[in-house]
Amino acid sequence: MTAKETKKLEANIKEAAKVLSQSALNVALTGAGISVESGIPDFRSPGGLWERYDIMEYGSISAFRNNPEKVWKMLAEIGDTIKDAKPNRAHKGVGQIEQIGLLHTVITQNIDNLHQEGGTTNVIEYHGNFKTLSCLACARTYGIEKVDSEMPPKCTCGEILKPDIIFFGEAIPPEALRDSYELASSCGGLLVIGTSAQVTPANTIPGIAKQAGAGIIEINVEPTHLTTLVTDIFLPGKAGEIVPKLVDAAKELVSQ
Ligand SMILES: [Zn+2]
């Protein structure tokens, strides 16, 4: 980055902090990009999970119901990457923005629980959470560490457990949809981090927020289709580098 680009980025970070501090309600929309620095690769990236496993054969709820042993071959891989992952500077930074009163809710497409572990209390999860497993037969629940003791992990009733994620063919939780649409249509600032928001229902959030008059702040490594369509302030870079800078700038404004 040239000196001129660095200066521009700094000015834009200040501007973004101003947008957040002047709005009564801010929302963040996050995706795979925010967890990459925690060692969780984007399942959709080249060489990623969805290139190596057929989505319908391994990722659908009917596949799981028909042959959970087989689907757990793929799930074990997700479990391995998520089980010991720790929140990075971006997750913690987002938690701090909530703490200083400038963030109402995080809407995430991730299933890794890292926002909660990074200090965010209000999290809407579109795709569920892999840190817990449930029994479809008797509804008992277990922690992810169950995968360490047996594969596939089983309930005490004998049934193979299902991670609490939303499989393809399963509905996004209706309250997650309702709450996220409500927040998007009433927010004054939307922070998009580590996602190009191309998958439904996340793809609708930036447009709804924009129509409601929200300032759209985007943090991504590369520009996305959002950048030209809806973004007001684009902050290029890794989430773990940009978010802490945004936190600093926001803290300065709040303390004034
Ligand atoms: Zn059971």
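Residues numbered from 1 in each chain as written. Predicted model: local features only at pLDDT ≥ 70, side-chain atom pairs only at ≥ 80, totals over all residues. Heavy atoms only, no water.

A. Examining the coordination of the zinc ion more closely. The coordination sphere of the zinc ion contains the protein donors Cys 135 (SG), Cys 138 (SG), Cys 155 (SG) and Cys 157 (SG), at a distance range of 2.3 Å. Taken together, the four donor atoms surrounding the zinc ion define angles of 102 to 122 degrees at the centre, an arrangement classified as tetrahedral. Here Cys 135 falls in the buried class, since its relative accessible area comes to 4%. On the basis of relative accessible area, Cys 157 is assigned to the partly exposed category, the value being 41%. (Donors = N, O, S within 2.8 Å, 3.2 Å for Na, K, Ca; no water. Tetrahedral: all angles 85-135°; square planar, octahedral: opposite > 155°, others 65-115°. Buried < 20%, exposed > 50% of the residue type's maximum accessible area, 1.4 Å probe, protein only.)

B. The arrangement of the layout of surface pockets in detail. Space inside the largest pocket adds up to approximately 1,000 Å³. Residue lining of the largest pocket: 46 residues in total, with Ala 32, Asp 42, Arg 44, Gln 109 and Asn 110 positioned closest to the centre. Sorting the residues of the lining of the largest pocket by element identifies helix H5 (68–83) and strand S8 (215–220) as the ones contributing at least two each. Examining the composition of the lining of the largest pocket, we find that three residues originate from one element, H5, more than from any other. Split by residue class, the lining of the largest pocket holds 22 nonpolar, 17 polar and seven charged. Two domains each donate at least three residues to the lining of the largest pocket, and these are domain 1 (1–40 + 87–127 + 171–256) and domain 2 (41–84 + 129–165). Lining the second largest pocket, in full, are Lys 7, Glu 10, Ala 11, Ile 13, Lys 14, Lys 245, Asp 248, Ala 249 and Glu 252. Counting only elements with at least two residues in the lining of the second largest pocket, the list comes to helix H1 (3–22) and helix H12 (239–255). (1 Å grid on protein atoms, 1.4 Å probe; cavity = no way out; pocket = protein on both sides within 12 Å on 5 of 7 lines; lining within 4 Å. Points joined across faces, edges and corners; volume = space filled by probe spheres on them. Helix = DSSP H or I, 4+ residues; strand = E, 2+ residues; numbered from the N terminus. Nonpolar A, V, L, I, M, F, W, Y, C, P; charged D, E, K, R; others polar. Domains from an automatic or database assignment.)

C. Structural detail: the side chain of Asn 220. Tracing the chain through its elements places Asn 220 in strand S8. We classify Asn 220 as buried; its relative accessible area is 9%. Setting aside chain neighbours within four positions, we find Asn 220 in contact with Ile 193, Gly 194, Thr 195, Phe 234, Leu 235, Pro 236 and Gly 237. (Contact = heavy atoms within 4.5 Å.)

D. The arrangement of the sheet that holds strand S2 (residues 105–108) in detail. Spatially, six strands are ordered S3-S2-S1-S7-S8-S9 in an open sheet, and the strand pairing comes out parallel. Since the sheet does not close on itself, it has two edges, and those belong to strand S3 (123–125) and strand S9 (233–236), each with one partner. For this sheet, the mean inter-axis angle between neighbouring strands, taken without regard to orientation, is 15 degrees. Note that S2 and S3 share three bridges and pair parallel. Bridge assignment links Ile 107 to a residue of S3, and that residue is Ile 124. The strands touched by H1 are strand S1 (26–30), strand S7 (189–193), S8 and S9; relative to S9, the strand with the most contacts, the crossing angle is about 130 degrees. (Pairing = 2+ DSSP bridges. Axes fitted to C-alpha atoms, helices over the stretch in contact; angles between N-to-C directions.)

E. Inspection of the packing of H1 against H12 at higher detail. Interhelical geometry of H1 versus H12 gives an angle of 55 degrees and a closest axis separation of 8 Å. Taken together, the axis directions place H1 and H12 in an arrangement best described as oblique. Between H1 and H12 lies a crossing whose hand is right-handed. Note on element contacts: H12 touches H1 through Ile 242, Lys 245, Leu 246, Ala 249, Ala 250 and Leu 253, opposite Leu 9, Ile 13, Lys 14, Ala 16, Ala 17, Lys 18, Leu 20 and Ser 21. (Parallel < 35°, antiparallel > 145°, perpendicular 65-115°, else oblique. Left-handed = near helix turned anticlockwise from the far one by under 90°.)

F. Geometry of the environment of Ser 62. Relative to the helices and strands, Ser 62 is located in helix H4 (residues 61–66). We classify Ser 62 as partly exposed; its relative accessible area is 42%. The sequence separation of Ser 62 and Phe 168 amounts to 106 residues, and the corresponding C-alpha distance is 8.7 Å.

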